[in-house]
Amino acid sequence: MSEQFESSPLNTSETDTLLGIADTKVLEGERAHVLGKKTLNTWFSIIFVVNQIYGPGVLAIPAVFQESGFLITTIVLGMFLFISCFSSTLLCEAISLIPGNKDFDKHIEFAVAVRYYFGHRWYYAFQVLLNVCMQSYNIASFVVCAQSLDQFFIYAFHKTYAFNIIPGEGFVSASVEELYFGNGIYISLGYIVIAAICIPSGFLNLADNVKGVQLVSFVVLVVIMVEFIVQFLLDGIDISRAPAFGGAYGQTVSIFIFSWAFVMFVPSWVNEKRNSVSVNVVIWGSGIASFIGYLLIGLLAAWTIPPGASDDILETLSTSIYPKVTIICSYIFSLGVIAPGIPVCSITTRYNLYVGNVCGRKTSYFFGVIAPWLVGFVFSQKGFFSDFITWTSLIVNGIVNFLIPLILYLRATSLYKVRIYSIQGESGAPVNTTYGSSIQSEDLKVIPDTISILSTTSTVNPWPKILAARARTWTIVMLVSTTTLILFQILYIVIVLH
(Lines give C-alpha, C1' and ligand atoms only; values in the text may rest on other atoms or scores of the structure.)
Protein backbone atom coordinates (compact mmCIF):
# COMPACT_ATOMS: atom_id res chain seq x y z
CA MET A 1 0.00 0.00 0.00
CA SER A 2 1.45 3.36 -0.97
CA GLU A 3 2.58 5.77 1.72
CA GLN A 4 -0.07 8.36 0.90
CA PHE A 5 -2.83 5.94 1.92
CA GLU A 6 -1.21 4.83 5.16
CA SER A 7 -1.07 8.28 6.66
CA SER A 8 -3.74 10.13 8.56
CA PRO A 9 -6.46 11.92 6.57
CA LEU A 10 -4.96 14.27 4.02
CA ASN A 11 -5.58 17.97 4.25
CA THR A 12 -7.26 19.83 1.41
CA SER A 13 -4.14 21.05 -0.37
CA GLU A 14 -2.45 17.63 -0.28
CA THR A 15 -5.55 15.95 -1.66
CA ASP A 16 -5.89 18.56 -4.41
CA THR A 17 -2.29 17.97 -5.41
CA LEU A 18 -2.89 14.21 -5.72
CA LEU A 19 -6.10 14.85 -7.65
CA GLY A 20 -4.37 17.25 -10.01
CA ILE A 21 -7.38 19.56 -9.88
CA ALA A 22 -7.49 23.30 -9.73
CA ASP A 23 -7.37 24.75 -6.24
CA THR A 24 -10.57 23.97 -4.32
CA LYS A 25 -11.18 27.65 -3.54
CA VAL A 26 -10.88 28.48 -7.24
CA LEU A 27 -13.40 25.76 -8.16
CA GLU A 28 -15.75 26.92 -5.42
CA GLY A 29 -15.64 30.38 -6.96
CA GLU A 30 -16.63 28.90 -10.31
CA ARG A 31 -19.87 27.44 -8.96
CA ALA A 32 -22.89 29.05 -10.63
CA HIS A 33 -20.61 29.99 -13.55
CA VAL A 34 -18.48 27.30 -15.24
CA LEU A 35 -19.64 24.79 -12.64
CA GLY A 36 -23.10 24.50 -11.13
CA LYS A 37 -24.09 24.94 -7.49
CA LYS A 38 -25.28 22.02 -5.37
CA THR A 39 -28.96 22.80 -5.95
CA LEU A 40 -30.46 19.77 -7.70
CA ASN A 41 -33.18 18.15 -5.59
CA THR A 42 -34.46 14.58 -5.92
CA TRP A 43 -36.99 15.27 -8.66
CA PHE A 44 -34.59 17.28 -10.82
CA SER A 45 -32.03 14.51 -10.29
CA ILE A 46 -34.45 11.79 -11.43
CA ILE A 47 -35.41 13.89 -14.45
CA PHE A 48 -31.73 14.23 -15.36
CA VAL A 49 -30.91 10.51 -15.10
CA VAL A 50 -34.06 9.35 -16.94
CA ASN A 51 -33.32 11.77 -19.78
CA GLN A 52 -29.80 10.39 -20.17
CA ILE A 53 -31.08 6.81 -20.33
CA TYR A 54 -33.48 7.72 -23.14
CA GLY A 55 -30.79 8.60 -25.65
CA PRO A 56 -30.39 7.61 -29.31
CA GLY A 57 -30.02 3.93 -28.44
CA VAL A 58 -33.71 3.63 -27.54
CA LEU A 59 -34.68 3.99 -31.21
CA ALA A 60 -33.34 0.52 -32.14
CA ILE A 61 -34.83 -1.38 -29.17
CA PRO A 62 -37.98 -2.62 -31.02
CA ALA A 63 -35.82 -4.09 -33.80
CA VAL A 64 -33.72 -5.95 -31.22
CA PHE A 65 -36.88 -7.40 -29.65
CA GLN A 66 -37.86 -8.73 -33.09
CA GLU A 67 -34.42 -10.03 -34.06
CA SER A 68 -33.35 -11.57 -30.73
CA GLY A 69 -36.78 -12.49 -29.31
CA PHE A 70 -38.61 -10.84 -26.45
CA LEU A 71 -37.42 -13.29 -23.77
CA ILE A 72 -33.68 -12.97 -24.42
CA THR A 73 -33.97 -9.23 -24.98
CA THR A 74 -35.92 -8.70 -21.75
CA ILE A 75 -33.33 -10.70 -19.79
CA VAL A 76 -30.43 -8.68 -21.23
CA LEU A 77 -32.37 -5.44 -20.63
CA GLY A 78 -32.82 -6.44 -16.98
CA MET A 79 -29.14 -7.32 -16.68
CA PHE A 80 -28.11 -3.87 -17.87
CA LEU A 81 -30.54 -2.23 -15.49
CA PHE A 82 -28.63 -3.84 -12.62
CA ILE A 83 -25.17 -3.42 -14.15
CA SER A 84 -25.64 0.29 -14.96
CA CYS A 85 -27.26 1.17 -11.62
CA PHE A 86 -24.63 -0.63 -9.58
CA SER A 87 -21.85 0.85 -11.73
CA SER A 88 -23.25 4.32 -11.05
CA THR A 89 -23.62 3.91 -7.29
CA LEU A 90 -20.25 2.18 -6.92
CA LEU A 91 -18.61 5.00 -8.89
CA CYS A 92 -20.21 7.58 -6.60
CA GLU A 93 -18.99 5.62 -3.58
CA ALA A 94 -15.41 5.58 -4.89
CA ILE A 95 -15.53 9.34 -5.50
CA SER A 96 -16.98 10.04 -2.04
CA LEU A 97 -14.15 8.09 -0.38
CA ILE A 98 -11.55 10.56 -1.62
CA PRO A 99 -10.46 12.55 1.48
CA GLY A 100 -12.49 15.69 2.01
CA ASN A 101 -15.08 14.67 -0.56
CA LYS A 102 -17.62 12.79 1.58
CA ASP A 103 -20.38 15.17 0.44
CA PHE A 104 -18.95 15.66 -3.09
CA ASP A 105 -17.79 19.17 -2.25
CA LYS A 106 -14.58 19.05 -4.33
CA HIS A 107 -16.43 18.63 -7.66
CA ILE A 108 -14.32 15.60 -8.60
CA GLU A 109 -15.15 14.41 -12.11
CA PHE A 110 -14.84 10.86 -13.46
CA ALA A 111 -11.40 11.31 -15.02
CA VAL A 112 -10.06 13.09 -11.94
CA ALA A 113 -11.10 10.14 -9.76
CA VAL A 114 -9.14 7.84 -12.07
CA ARG A 115 -6.08 10.05 -11.64
CA TYR A 116 -6.41 9.97 -7.85
CA TYR A 117 -6.60 6.19 -7.62
CA PHE A 118 -4.33 5.18 -10.52
CA GLY A 119 -1.98 8.09 -11.25
CA HIS A 120 -1.19 10.32 -14.21
CA ARG A 121 -0.34 7.63 -16.78
CA TRP A 122 -3.71 5.93 -16.56
CA TYR A 123 -5.42 9.29 -16.23
CA TYR A 124 -4.40 10.46 -19.69
CA ALA A 125 -5.33 7.11 -21.24
CA PHE A 126 -8.72 7.33 -19.56
CA GLN A 127 -9.27 10.92 -20.70
CA VAL A 128 -8.87 9.67 -24.29
CA LEU A 129 -11.28 6.77 -23.70
CA LEU A 130 -13.82 8.98 -21.94
CA ASN A 131 -13.81 11.58 -24.68
CA VAL A 132 -14.10 8.96 -27.43
CA CYS A 133 -17.00 7.45 -25.50
CA MET A 134 -18.80 10.76 -25.02
CA GLN A 135 -18.27 11.93 -28.58
CA SER A 136 -19.47 8.63 -30.07
CA TYR A 137 -22.63 9.10 -28.02
CA ASN A 138 -22.79 12.75 -29.03
CA ILE A 139 -22.28 12.07 -32.74
CA ALA A 140 -24.99 9.40 -32.69
CA SER A 141 -27.36 12.06 -31.37
CA PHE A 142 -26.17 14.55 -34.05
CA VAL A 143 -26.97 12.11 -36.84
CA VAL A 144 -30.33 10.96 -35.49
CA CYS A 145 -31.56 14.51 -34.84
CA ALA A 146 -30.26 15.93 -38.11
CA GLN A 147 -31.83 13.13 -40.15
CA SER A 148 -35.15 13.51 -38.36
CA LEU A 149 -35.16 17.26 -38.93
CA ASP A 150 -34.27 16.86 -42.61
CA GLN A 151 -37.12 14.37 -42.94
CA PHE A 152 -39.42 16.93 -41.34
CA PHE A 153 -38.33 19.60 -43.83
CA ILE A 154 -39.15 17.21 -46.68
CA TYR A 155 -42.47 16.32 -45.06
CA ALA A 156 -43.42 19.97 -44.54
CA PHE A 157 -41.72 21.73 -47.47
CA HIS A 158 -41.00 18.81 -49.87
CA LYS A 159 -37.26 19.45 -49.87
CA THR A 160 -34.18 20.03 -47.73
CA TYR A 161 -30.79 21.49 -48.54
CA ALA A 162 -27.18 20.60 -47.83
CA PHE A 163 -23.62 21.56 -48.63
CA ASN A 164 -21.91 18.68 -50.42
CA ILE A 165 -18.25 18.30 -49.42
CA ILE A 166 -17.51 15.02 -51.21
CA PRO A 167 -17.63 14.83 -54.24
CA GLY A 168 -17.77 18.66 -53.97
CA GLU A 169 -21.03 19.74 -55.59
CA GLY A 170 -21.57 22.69 -53.26
CA PHE A 171 -25.08 23.65 -52.17
CA VAL A 172 -27.66 21.13 -53.34
CA SER A 173 -31.24 20.07 -52.76
CA ALA A 174 -30.98 16.46 -51.59
CA SER A 175 -33.13 13.58 -50.41
CA VAL A 176 -32.69 11.83 -47.07
CA GLU A 177 -31.39 8.78 -48.96
CA GLU A 178 -28.61 10.84 -50.54
CA LEU A 179 -27.72 12.60 -47.28
CA TYR A 180 -27.64 9.59 -44.97
CA PHE A 181 -27.51 6.43 -47.11
CA GLY A 182 -25.36 7.45 -50.08
CA ASN A 183 -21.61 7.76 -50.56
CA GLY A 184 -21.15 11.50 -50.24
CA ILE A 185 -20.40 13.69 -47.24
CA TYR A 186 -22.87 16.50 -46.58
CA ILE A 187 -23.52 19.22 -44.04
CA SER A 188 -27.30 19.29 -44.14
CA LEU A 189 -29.76 22.00 -43.17
CA GLY A 190 -30.99 19.73 -40.39
CA TYR A 191 -27.45 19.43 -39.01
CA ILE A 192 -26.97 23.20 -39.00
CA VAL A 193 -30.31 23.85 -37.26
CA ILE A 194 -29.62 21.20 -34.58
CA ALA A 195 -26.19 22.74 -33.96
CA ALA A 196 -27.74 26.20 -33.63
CA ILE A 197 -30.24 24.85 -31.07
CA CYS A 198 -27.83 22.77 -28.99
CA ILE A 199 -24.64 24.83 -28.86
CA PRO A 200 -25.99 27.70 -26.68
CA SER A 201 -27.27 25.35 -23.95
CA GLY A 202 -23.89 23.60 -23.92
CA PHE A 203 -22.45 26.76 -22.35
CA LEU A 204 -24.71 26.45 -19.31
CA ASN A 205 -23.62 24.70 -16.14
CA LEU A 206 -25.30 21.36 -15.50
CA ALA A 207 -27.64 22.52 -12.72
CA ASP A 208 -29.05 25.34 -14.87
CA ASN A 209 -29.37 23.01 -17.85
CA VAL A 210 -31.33 20.47 -15.80
CA LYS A 211 -33.74 23.06 -14.37
CA GLY A 212 -34.55 24.38 -17.82
CA VAL A 213 -33.70 22.20 -20.82
CA GLN A 214 -33.93 18.80 -19.12
CA LEU A 215 -37.21 19.60 -17.39
CA VAL A 216 -38.87 20.48 -20.71
CA SER A 217 -37.32 17.40 -22.32
CA PHE A 218 -38.73 15.13 -19.61
CA VAL A 219 -42.26 16.48 -20.13
CA VAL A 220 -41.92 15.93 -23.88
CA LEU A 221 -40.64 12.39 -23.27
CA VAL A 222 -43.63 11.43 -21.11
CA VAL A 223 -46.23 12.95 -23.47
CA ILE A 224 -44.77 11.36 -26.61
CA MET A 225 -44.31 7.94 -25.01
CA VAL A 226 -47.99 7.97 -24.03
CA GLU A 227 -48.95 8.89 -27.61
CA PHE A 228 -46.76 6.12 -29.06
CA ILE A 229 -48.15 3.51 -26.65
CA VAL A 230 -51.75 4.48 -27.49
CA GLN A 231 -50.95 4.30 -31.22
CA PHE A 232 -49.39 0.85 -30.89
CA LEU A 233 -52.43 -0.43 -29.01
CA LEU A 234 -54.77 1.02 -31.67
CA ASP A 235 -52.75 -0.68 -34.42
CA GLY A 236 -53.28 -4.08 -32.83
CA ILE A 237 -50.80 -6.51 -31.26
CA ASP A 238 -49.36 -9.50 -33.09
CA ILE A 239 -46.96 -11.35 -30.77
CA SER A 240 -45.71 -13.51 -33.65
CA ARG A 241 -43.74 -10.50 -34.87
CA ALA A 242 -41.44 -10.77 -31.83
CA PRO A 243 -41.38 -14.38 -30.59
CA ALA A 244 -39.72 -15.49 -27.35
CA PHE A 245 -36.52 -16.47 -29.18
CA GLY A 246 -35.14 -14.87 -32.32
CA GLY A 247 -32.42 -15.86 -34.71
CA ALA A 248 -30.07 -12.86 -34.67
CA TYR A 249 -28.11 -11.62 -31.69
CA GLY A 250 -25.66 -9.16 -33.24
CA GLN A 251 -27.08 -6.13 -31.40
CA THR A 252 -28.49 -7.79 -28.28
CA VAL A 253 -25.71 -6.59 -25.99
CA SER A 254 -24.23 -3.65 -27.90
CA ILE A 255 -27.52 -1.75 -28.14
CA PHE A 256 -28.06 -1.94 -24.37
CA ILE A 257 -24.47 -0.95 -23.63
CA PHE A 258 -25.18 2.13 -25.74
CA SER A 259 -28.65 2.72 -24.28
CA TRP A 260 -27.60 2.45 -20.63
CA ALA A 261 -24.38 4.45 -20.99
CA PHE A 262 -25.55 7.15 -18.57
CA VAL A 263 -22.92 6.17 -15.98
CA MET A 264 -20.35 8.55 -17.46
CA PHE A 265 -22.66 11.50 -16.70
CA VAL A 266 -23.29 10.55 -13.07
CA PRO A 267 -20.19 12.20 -11.50
CA SER A 268 -21.12 15.57 -12.99
CA TRP A 269 -24.63 15.23 -11.55
CA VAL A 270 -23.56 13.99 -8.11
CA ASN A 271 -21.34 17.06 -7.68
CA GLU A 272 -24.33 19.39 -8.16
CA LYS A 273 -27.03 17.54 -6.23
CA ARG A 274 -28.07 18.64 -2.78
CA ASN A 275 -26.46 16.74 0.08
CA SER A 276 -29.89 15.51 1.16
CA VAL A 277 -30.51 13.74 -2.15
CA SER A 278 -29.98 9.96 -1.98
CA VAL A 279 -27.80 8.56 -4.74
CA ASN A 280 -29.47 5.16 -4.46
CA VAL A 281 -33.02 6.55 -4.64
CA VAL A 282 -32.23 8.62 -7.74
CA ILE A 283 -30.22 5.99 -9.63
CA TRP A 284 -32.42 2.98 -8.87
CA GLY A 285 -35.68 4.91 -9.13
CA SER A 286 -34.68 6.32 -12.52
CA GLY A 287 -33.35 2.97 -13.70
CA ILE A 288 -36.46 0.98 -12.80
CA ALA A 289 -38.81 3.59 -14.30
CA SER A 290 -36.74 3.61 -17.51
CA PHE A 291 -36.68 -0.20 -17.62
CA ILE A 292 -40.50 -0.24 -17.55
CA GLY A 293 -40.62 2.39 -20.31
CA TYR A 294 -38.12 0.48 -22.45
CA LEU A 295 -40.14 -2.70 -22.01
CA LEU A 296 -43.44 -1.04 -22.95
CA ILE A 297 -42.14 0.82 -25.99
CA GLY A 298 -39.88 -2.01 -27.14
CA LEU A 299 -42.41 -4.83 -26.86
CA LEU A 300 -45.46 -2.94 -28.12
CA ALA A 301 -43.56 -1.53 -31.10
CA ALA A 302 -42.03 -4.95 -31.88
CA TRP A 303 -45.49 -6.59 -31.76
CA THR A 304 -47.03 -3.83 -33.90
CA ILE A 305 -44.47 -2.90 -36.57
CA PRO A 306 -43.97 -5.51 -39.33
CA PRO A 307 -40.51 -7.19 -39.31
CA GLY A 308 -38.06 -5.79 -41.83
CA ALA A 309 -38.90 -2.16 -41.15
CA SER A 310 -36.15 0.35 -40.34
CA ASP A 311 -34.03 -0.20 -37.23
CA ASP A 312 -34.85 3.41 -36.35
CA ILE A 313 -38.38 3.47 -34.94
CA LEU A 314 -38.69 7.19 -35.73
CA GLU A 315 -38.18 6.50 -39.44
CA THR A 316 -41.03 3.98 -39.35
CA LEU A 317 -43.40 6.19 -37.34
CA SER A 318 -42.81 9.13 -39.69
CA THR A 319 -44.19 7.27 -42.73
CA SER A 320 -47.56 8.14 -44.23
CA ILE A 321 -49.33 5.02 -42.89
CA TYR A 322 -49.50 6.65 -39.46
CA PRO A 323 -51.77 9.52 -38.34
CA LYS A 324 -50.40 13.04 -38.53
CA VAL A 325 -50.21 13.34 -34.75
CA THR A 326 -47.90 10.28 -34.59
CA ILE A 327 -45.79 11.55 -37.48
CA ILE A 328 -45.35 14.94 -35.81
CA CYS A 329 -44.54 13.25 -32.48
CA SER A 330 -41.83 11.20 -34.19
CA TYR A 331 -40.16 14.43 -35.32
CA ILE A 332 -40.61 16.11 -31.96
CA PHE A 333 -39.07 13.09 -30.18
CA SER A 334 -35.67 13.68 -31.74
CA LEU A 335 -35.78 17.42 -31.05
CA GLY A 336 -37.36 17.26 -27.60
CA VAL A 337 -35.83 14.07 -26.17
CA ILE A 338 -32.60 13.16 -27.95
CA ALA A 339 -31.26 16.62 -28.82
CA PRO A 340 -31.29 17.84 -25.17
CA GLY A 341 -28.79 15.08 -24.37
CA ILE A 342 -26.23 16.73 -26.65
CA PRO A 343 -25.56 19.72 -24.34
CA VAL A 344 -25.18 17.32 -21.40
CA CYS A 345 -22.36 15.59 -23.28
CA SER A 346 -20.82 18.98 -23.97
CA ILE A 347 -21.08 20.07 -20.33
CA THR A 348 -19.67 16.80 -18.98
CA THR A 349 -16.78 16.89 -21.46
CA ARG A 350 -15.74 20.42 -20.52
CA TYR A 351 -16.16 19.68 -16.80
CA ASN A 352 -13.69 16.78 -17.09
CA LEU A 353 -11.23 18.86 -19.10
CA TYR A 354 -11.47 21.96 -16.90
CA VAL A 355 -11.60 20.42 -13.43
CA GLY A 356 -8.80 18.03 -14.41
CA ASN A 357 -6.59 20.95 -15.46
CA VAL A 358 -6.25 19.57 -19.01
CA CYS A 359 -7.16 22.99 -20.36
CA GLY A 360 -8.46 26.35 -19.22
CA ARG A 361 -12.01 27.59 -19.07
CA LYS A 362 -12.24 29.04 -22.59
CA THR A 363 -10.46 26.09 -24.21
CA SER A 364 -12.72 23.63 -22.40
CA TYR A 365 -15.73 25.43 -23.88
CA PHE A 366 -14.26 25.05 -27.37
CA PHE A 367 -13.40 21.35 -27.13
CA GLY A 368 -16.52 20.44 -25.18
CA VAL A 369 -19.14 22.48 -27.04
CA ILE A 370 -17.87 23.62 -30.46
CA ALA A 371 -15.30 21.08 -31.71
CA PRO A 372 -17.60 18.01 -31.91
CA TRP A 373 -19.85 19.82 -34.41
CA LEU A 374 -16.87 20.54 -36.66
CA VAL A 375 -16.33 16.82 -37.31
CA GLY A 376 -19.64 15.13 -36.50
CA PHE A 377 -21.10 15.44 -40.02
CA VAL A 378 -18.38 13.11 -41.35
CA PHE A 379 -20.11 10.20 -39.57
CA SER A 380 -23.57 10.86 -41.02
CA GLN A 381 -23.59 7.98 -43.52
CA LYS A 382 -25.63 5.20 -41.94
CA GLY A 383 -23.48 2.30 -43.23
CA PHE A 384 -20.35 3.60 -41.57
CA PHE A 385 -22.36 5.07 -38.72
CA SER A 386 -23.88 1.68 -37.80
CA ASP A 387 -20.49 -0.08 -37.57
CA PHE A 388 -19.01 2.88 -35.71
CA ILE A 389 -21.73 2.77 -33.05
CA THR A 390 -21.57 -1.02 -32.69
CA TRP A 391 -17.84 -1.13 -32.02
CA THR A 392 -17.54 1.99 -29.90
CA SER A 393 -20.51 0.76 -27.85
CA LEU A 394 -19.02 -2.64 -27.24
CA ILE A 395 -15.45 -1.64 -26.56
CA VAL A 396 -15.23 1.98 -25.42
CA ASN A 397 -18.68 2.41 -23.85
CA GLY A 398 -18.40 -0.98 -22.20
CA ILE A 399 -15.06 -0.19 -20.62
CA VAL A 400 -15.87 3.37 -19.53
CA ASN A 401 -19.40 2.85 -18.22
CA PHE A 402 -19.45 -0.70 -16.89
CA LEU A 403 -15.89 -1.82 -16.11
CA ILE A 404 -13.92 1.23 -14.92
CA PRO A 405 -16.48 2.18 -12.20
CA LEU A 406 -16.23 -1.30 -10.70
CA ILE A 407 -12.42 -1.20 -10.83
CA LEU A 408 -12.41 2.22 -9.16
CA TYR A 409 -14.64 0.91 -6.37
CA LEU A 410 -12.37 -2.11 -5.82
CA ARG A 411 -9.32 0.15 -5.74
CA ALA A 412 -10.98 2.59 -3.34
CA THR A 413 -12.14 -0.09 -0.92
CA SER A 414 -8.80 -1.88 -1.00
CA LEU A 415 -7.14 1.35 0.10
CA TYR A 416 -9.78 2.35 2.61
CA LYS A 417 -11.25 -0.93 3.76
CA VAL A 418 -11.44 -1.61 7.46
CA ARG A 419 -11.09 -5.21 8.56
CA ILE A 420 -13.74 -6.59 10.88
CA TYR A 421 -12.57 -5.81 14.33
CA SER A 422 -13.92 -5.68 17.86
CA ILE A 423 -14.97 -2.43 19.45
CA GLN A 424 -15.56 -2.05 23.14
CA GLY A 425 -18.80 -0.10 23.57
CA GLU A 426 -20.05 1.68 26.63
CA SER A 427 -21.88 -1.44 27.78
CA GLY A 428 -18.71 -3.48 27.53
CA ALA A 429 -20.13 -5.75 24.82
CA PRO A 430 -18.06 -6.17 21.64
CA VAL A 431 -19.53 -4.61 18.48
CA ASN A 432 -18.44 -5.77 15.01
CA THR A 433 -18.01 -3.25 12.22
CA THR A 434 -16.63 -3.24 8.68
CA TYR A 435 -15.91 -0.79 5.91
CA GLY A 436 -18.86 1.51 5.50
CA SER A 437 -19.65 1.75 9.22
CA SER A 438 -20.84 5.09 10.53
CA ILE A 439 -19.53 4.36 14.05
CA GLN A 440 -17.26 7.17 15.21
CA SER A 441 -13.95 5.65 16.24
CA GLU A 442 -13.12 8.55 18.57
CA ASP A 443 -16.03 7.49 20.80
CA LEU A 444 -14.92 3.87 21.01
CA LYS A 445 -11.86 1.87 21.86
CA VAL A 446 -10.49 0.23 18.71
CA ILE A 447 -8.64 -3.10 18.92
CA PRO A 448 -6.14 -3.64 17.35
CA ASP A 449 -4.53 -0.23 16.99
CA THR A 450 -2.68 -0.99 13.73
CA ILE A 451 -5.58 -0.09 11.45
CA SER A 452 -5.23 3.17 9.54
CA ILE A 453 -8.41 4.80 8.29
CA LEU A 454 -8.82 7.72 5.91
CA SER A 455 -12.58 7.46 5.56
CA THR A 456 -14.91 4.96 7.19
CA THR A 457 -18.18 6.79 6.58
CA SER A 458 -20.09 5.81 3.45
CA THR A 459 -22.40 8.44 1.99
CA VAL A 460 -23.74 6.15 -0.73
CA ASN A 461 -23.96 2.60 0.67
CA PRO A 462 -24.28 1.08 -2.82
CA TRP A 463 -24.81 -2.51 -1.70
CA PRO A 464 -27.93 -3.58 0.25
CA LYS A 465 -27.30 -4.75 3.79
CA ILE A 466 -27.77 -8.41 2.92
CA LEU A 467 -24.86 -8.18 0.43
CA ALA A 468 -22.72 -5.47 2.05
CA ALA A 469 -20.58 -7.89 4.06
CA ARG A 470 -19.27 -9.33 0.77
CA ALA A 471 -19.39 -6.10 -1.24
CA ARG A 472 -15.99 -6.55 -2.85
CA THR A 473 -16.71 -10.16 -3.75
CA TRP A 474 -20.00 -9.23 -5.41
CA THR A 475 -18.28 -6.40 -7.26
CA ILE A 476 -15.65 -8.80 -8.60
CA VAL A 477 -18.40 -11.20 -9.72
CA MET A 478 -20.15 -8.35 -11.55
CA LEU A 479 -16.88 -7.23 -13.14
CA VAL A 480 -16.09 -10.72 -14.44
CA SER A 481 -19.67 -11.30 -15.63
CA THR A 482 -19.88 -7.98 -17.48
CA THR A 483 -16.50 -8.51 -19.13
CA THR A 484 -17.56 -12.00 -20.23
CA LEU A 485 -20.85 -10.69 -21.63
CA ILE A 486 -19.05 -8.04 -23.69
CA LEU A 487 -16.47 -10.53 -24.97
CA PHE A 488 -19.18 -13.01 -26.01
CA GLN A 489 -20.93 -10.28 -28.01
CA ILE A 490 -17.66 -9.33 -29.74
CA LEU A 491 -16.94 -12.98 -30.60
CA TYR A 492 -20.48 -13.44 -31.92
CA ILE A 493 -20.13 -10.44 -34.22
CA VAL A 494 -16.66 -11.43 -35.45
CA ILE A 495 -17.28 -15.16 -35.92
CA VAL A 496 -20.97 -15.41 -36.82
CA LEU A 497 -21.68 -12.15 -38.62
CA HIS A 498 -18.33 -11.74 -40.38
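About the cut-offs
- Residues numbered from 1 in each chain as written.
- Predicted model: local features only at pLDDT ≥ 70, side-chain atom pairs only at ≥ 80, totals over all residues.
- Heavy atoms only, no water.
- Salt bridge = Lys/Arg side-chain N within 4 Å of Asp/Glu carboxyl O.
- Helix = DSSP H or I, 4+ residues; strand = E, 2+ residues; numbered from the N terminus.
- Buried < 20%, exposed > 50% of the residue type's maximum accessible area, 1.4 Å probe, protein only.
- Axes fitted to C-alpha atoms, helices over the stretch in contact; angles between N-to-C directions.
- Parallel < 35°, antiparallel > 145°, perpendicular 65-115°, else oblique.
- Left-handed = near helix turned anticlockwise from the far one by under 90°.
- Contact = heavy atoms within 4.5 Å.
- Nonpolar A, V, L, I, M, F, W, Y, C, P; charged D, E, K, R; others polar.
- Pairing = 2+ DSSP bridges.
- Core = buried A, V, L, I, M, F, W, Y, C linked by side-chain atoms within 4.5 Å.
- Phe/Tyr/Trp six-rings, centres within 6.5 Å; stacked < 30°, edge-to-face > 60°.

S.K.: Tell me about the pattern of salt bridges, residues and numbers included.
M.R.: Across all of its chains, the model carries three salt bridges by this definition. Put simply, Lys-38 and Asp-105 hold a salt bridge, and the shortest N to O gap is 3.9 Å. Of this pair, Lys-38 sits in the loop between helix H3 (24–30) and helix H4 (42–53) while Asp-105 sits in the loop between helix H6 (70–96) and helix H7 (110–118), and the two are 67 residues apart along the sequence. When its relative accessible area of 36% is taken as the criterion, Asp-105 is described as partly exposed. We note a salt bridge from Asp-103 to Lys-102, for which the minimum N-O separation is 3.7 Å. Looking at Asp-103, the relative accessible area reads 27%, which means it is partly exposed. Owing to a relative accessible area of 37%, Lys-102 belongs among the partly exposed residues under this scheme.

S.K.: Lay out the packing of helix H10 (residues 189–201) against helix H17 (residues 341–355) in plain terms, naming residues and giving numbers.
M.R.: Where H10 contacts H17, the axes come no closer than 8 Å and their chain directions differ by 45 degrees. Between H10 and H17, the interaxial angle falls into the category oblique. By crossing handedness, the relation of H10 to H17 is classed as right-handed. Where H10 approaches H17, its residues Ile-194, Cys-198 and Ser-201 are matched on the opposing element by Ile-342, Pro-343 and Ile-347. A class-by-class count of the residues in the contact of H10 with H17 yields five nonpolar, one polar and no charged.

S.K.: Give a detailed account of the sheet that holds strand S1 (residues 160–166), specifying residues and quantitative values.
M.R.: Strand order in this open sheet of three strands is S2-S1-S3, and the pairing throughout is antiparallel. Of all the strands in the sheet, the pair left with one neighbour each is strand S2 (170–174) and strand S3 (185–188). Looking at each pair of strands side by side, their axes are set apart by 40 degrees on average, direction ignored. In this sheet, S3 lies alongside S1 in antiparallel orientation, the contact comprising four bridges. Among the inter-strand pairings, Ile-166 is bridged to a residue of S3, identified as Ile-185. Along the sheet face, helix H8 (residues 120–157) touches S1, S2 and S3 and points at about 130 degrees away from the line of S1.

S.K.: Lay out the nonpolar core with the relevant residues and their values.
M.R.: Formed by 147 residues in total, the largest nonpolar core has its most connected members in Phe-80, Phe-110, Phe-256, Trp-260, Met-264, Trp-269 and Phe-333. The greatest single-element share of this core, amounting to 15 residues, is contributed by H8. Among residues more than four places away in sequence, those in contact with Phe-256 are Ile-61, Val-64, Thr-73, Val-76, Leu-77, Phe-80 and Tyr-294.

S.K.: Can you tell me about the packing of aromatic side chains, naming the residues and giving the values?
M.R.: By the definition in use, this model includes 27 aromatic pairs. Where Tyr-191 meets Phe-377, the ring centres are 6.2 Å apart and the plane angle is 90 degrees; that geometry is what we call edge-to-face. Here Tyr-191, found in helix H10, pairs with Phe-377, found in the loop between helix H18 (361–375) and helix H19 (382–416); they are 186 residues apart in sequence, far enough to count as distant. Since its relative accessible area comes to 13%, Phe-377 is described here as buried.

S.K.: Help me get a handle on the pairing of S2, residues and values and all.
M.R.: By the bridge criterion, five bridges tie S1 to S2 in an arrangement that is antiparallel. Considered in S2, the bridge of Asn-164 is made with Gly-170. Between S1 and S2, which pair antiparallel in sequence order, lie three residues; one of them, Gly-168, sits at a positive phi of approximately 100 degrees.

S.K.: Any chance you could break down the environment of Gln-151 for me, citing the residues and the numbers?
M.R.: Inspection of the secondary structure assignment puts Gln-151 in helix H8. Residue Gln-151 is classed as buried on the basis of its relative accessible area, which comes to 16%. Excluding residues that lie within four positions of it along the chain, Gln-151 makes contacts with Val-176, Glu-315, Ser-318 and Tyr-331.

Shape descriptors only; they carry no functional weight alone.
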